[in-house]
Amino acid sequence: MILASSDAVKLRRMTEADLDYVVSIEHAAARNRFVGEWTRAQHKQALEEPGRLHAIVESVETGQPVGFILLAGIDSADRSIEFLRIVVDPPGQGYGRQAIRLLKRYVFDDLEAHRLWLDVKDLNARARAVYRSEGFVEEGTLRECVKGPDSYESVLIMAILDREHESAIID
Ligand SMILES: CC(C)(COP(=O)(O)OP(=O)(O)OC[C@H]1O[C@@H](n2cnc3c(N)ncnc32)[C@H](O)[C@@H]1OP(=O)(O)O)[C@@H](O)C(=O)NCCC(=O)NCCS
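Visitor: I'm lost on the overall build of the protein in this one. Help?
Guide: Scanning the protein from terminus to terminus reveals five helices and eight strands. Going from N to C terminus, the protein has its helices and strands arranged as β-β-α-α-β-β-β-α-β-α-β-β-α. For a compact globule of 171 residues, the expected C-alpha radius of gyration is about 16 Å, and the protein comes in at 15 Å, within 12% of that figure. Counting only contacts in the protein whose residues sit at least 6 apart along the sequence, the fraction spanning at least 24 positions is 56%.

Structure representation (structure tokens):
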């Protein structure tokens, strides 16, 4: 089922048939410790949990998957949706930015969210740059909250509100 589409990418609902792909690209991305890693069974269980929305990002040009997105809290009484995870493969080709643009449209226009928020390691300069340039605001730092292999790592909370999304479209 297609959730949203642009000229470059589509978001479609993830199914169990996608899980081998999802686990494989997540496993590769998790090597740099920028994203968490779940087993196939954890992904399958999460797919079925209420309040979740798991999507595959597809290239319009090739029709092939180029990533995935996990959302949580889509039934939040506060209309505050968590952008839990994104992985694109290959990175650095613009798919991440295109997918995030489409996601914002879907979350604010179709799901009528008030707030879309995420956490990101401060070491993850690429992801932070994309989020910032797509209108996410840094709201605070959880200082040294993750024990890394060499040192403690800090995590930023970032969010965008519905009115910020609207005004970016009008500008
Ligand atoms: C983070 C991620 C989703 C971004 O998607 P992407 O397709 O690679 O990113 P894009 O190609 O759309 O854009 C990258 C932008 O960051 C910039 N960038 C790249 N490396 C950078 C760095 N070290 N510092 C600052 N900016 C950087 C690029 O110049 C580009 O900006 P531009 O569009 O203005 O030229 C993707 O790289 C990914 O899946 N990474 C691994 C998993 C991950 O980190 N997920 C996020 C966890 S919070």
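Visitor: Honestly, the nonpolar core in this entry has me stumped. Any pointers?
Guide: Among soluble globular proteins, nonpolar side chains are generally buried collectively. In this structure, Ile69, Leu71, Phe83, Leu116, Tyr131 and Phe136 are the most contacted members of the largest nonpolar core, which totals 32 residues. At seven residues, helix α3 (residues 95-110) tops the list of elements feeding residues into this core. Sequence-distant contacts of Phe83, that is, excluding residues within four places in its chain, are made with Ile69, Leu70, Leu71, Ile100, Leu103, Leu116, Trp117, Leu118, Tyr131 and Phe136. The next biggest cluster of nonpolar side chains, apart from the first, holds ten residues, and it includes Leu19, Val22, Ala46 and Ile56.

Visitor: Would you mind showing me how to read the pairing of strand β1 (residues 2-5) here?
Guide: Put simply, side chains in a regular strand alternate between the two faces of the sheet. Relative to strand β2 (residues 9-13), β1 is paired through three bridges, and the arrangement is antiparallel. Bridge pairing in β2 links Ser5 to Lys10. Connecting β1 to the antiparallel partner β2 that follows it, the hairpin turn spans three residues.

Visitor: In this structure, what is going on with the pairing of strand β5 (residues 80-88)? I would like to understand it.
Guide: Along β5, eight of the nine residues are buried, which leaves the element largely enclosed by surrounding structure. Summarising the sheet, strand β4 (residues 65-72) and β5 pair through six bridges and their orientation is antiparallel. Following the sheet pairing, Phe68 is matched in β5 by Val87. Judged from the three bridges that link them, β5 and strand β6 (residues 115-121) form a sheet pairing that is parallel. Its bridge partner lying in β6, Glu82 is registered against Trp117. In this region the chain leaves β5, passes through α3 and returns to the parallel neighbour β6; the handedness of that crossover is right-handed.

Visitor: Teacher, can you tell me more about the site of the ligand here?
Guide: Contacts to the ligand come from 21 residues, most closely from Val88, Gly92, Gly94, Gly96 and Asn124. Note that an oxygen atom of the ligand is positioned 2.8 Å from one of the backbone N or O atoms of Gly94. Within the backbone of Tyr95, one N or O atom sits 3.5 Å away from an oxygen atom of the ligand. The protein chains hide 68% of the 970 Å² of surface that the ligand would expose on its own. Of all elements in the fold, only β5, α3, β6 and α4 (125-133) reach the threshold of two or more residues within the shell around the ligand.

Visitor: Would you mind showing me how to read the pattern of salt bridges here?
Guide: Close approach of charged atoms allows side chains with opposite charge to pair. All told, the structure shown has 16 salt bridges when counted by the stated rule. Ionic pairing is found between Glu58 and Arg12, a salt bridge with its closest N-O pair at 2.6 Å. Remark: Arg12 occurs in strand β2 and Glu58 occurs in strand β3 (residues 53-59); sequence separation between them is 46 residues. Taking the shortest distance from any N to any O, the salt bridge between Arg33 and Glu153 comes out at 3.2 Å. With Arg33 in the loop between α1 (19-29) and α2 (40-48) and Glu153 in strand β8 (residues 152-161), this residue pair connects regions lying 120 residues apart in the sequence. Each of Arg97, Arg101, Lys104 and Glu134 takes part in salt bridges that share partners, so that together they form one network.

About the cut-offs
- Residues numbered from 1 in each chain as written.
- Predicted model: local features only at pLDDT ≥ 70, side-chain atom pairs only at ≥ 80, totals over all residues.
- Heavy atoms only, no water.
- Helix = DSSP H or I, 4+ residues; strand = E, 2+ residues; numbered from the N terminus.
- Rg over C-alpha atoms; globule rule 2.2 N^0.38 Å.
- Contact = heavy atoms within 4.5 Å.
- Core = buried A, V, L, I, M, F, W, Y, C linked by side-chain atoms within 4.5 Å.
- Buried < 20%, exposed > 50% of the residue type's maximum accessible area, 1.4 Å probe, protein only.
- Pairing = 2+ DSSP bridges.
- Right-handed = clockwise from strand over helix to strand, strands pointing away.
- Near = heavy atom within 4 Å.
- Polar contact = N/O pair within 3.5 Å; in protein donor to acceptor, adjacent residues only side chain to side chain.
- Areas by Shrake-Rupley, 256 points an atom, 1.4 Å probe, with all protein chains shown as cover.
- Salt bridge = Lys/Arg side-chain N within 4 Å of Asp/Glu carboxyl O.

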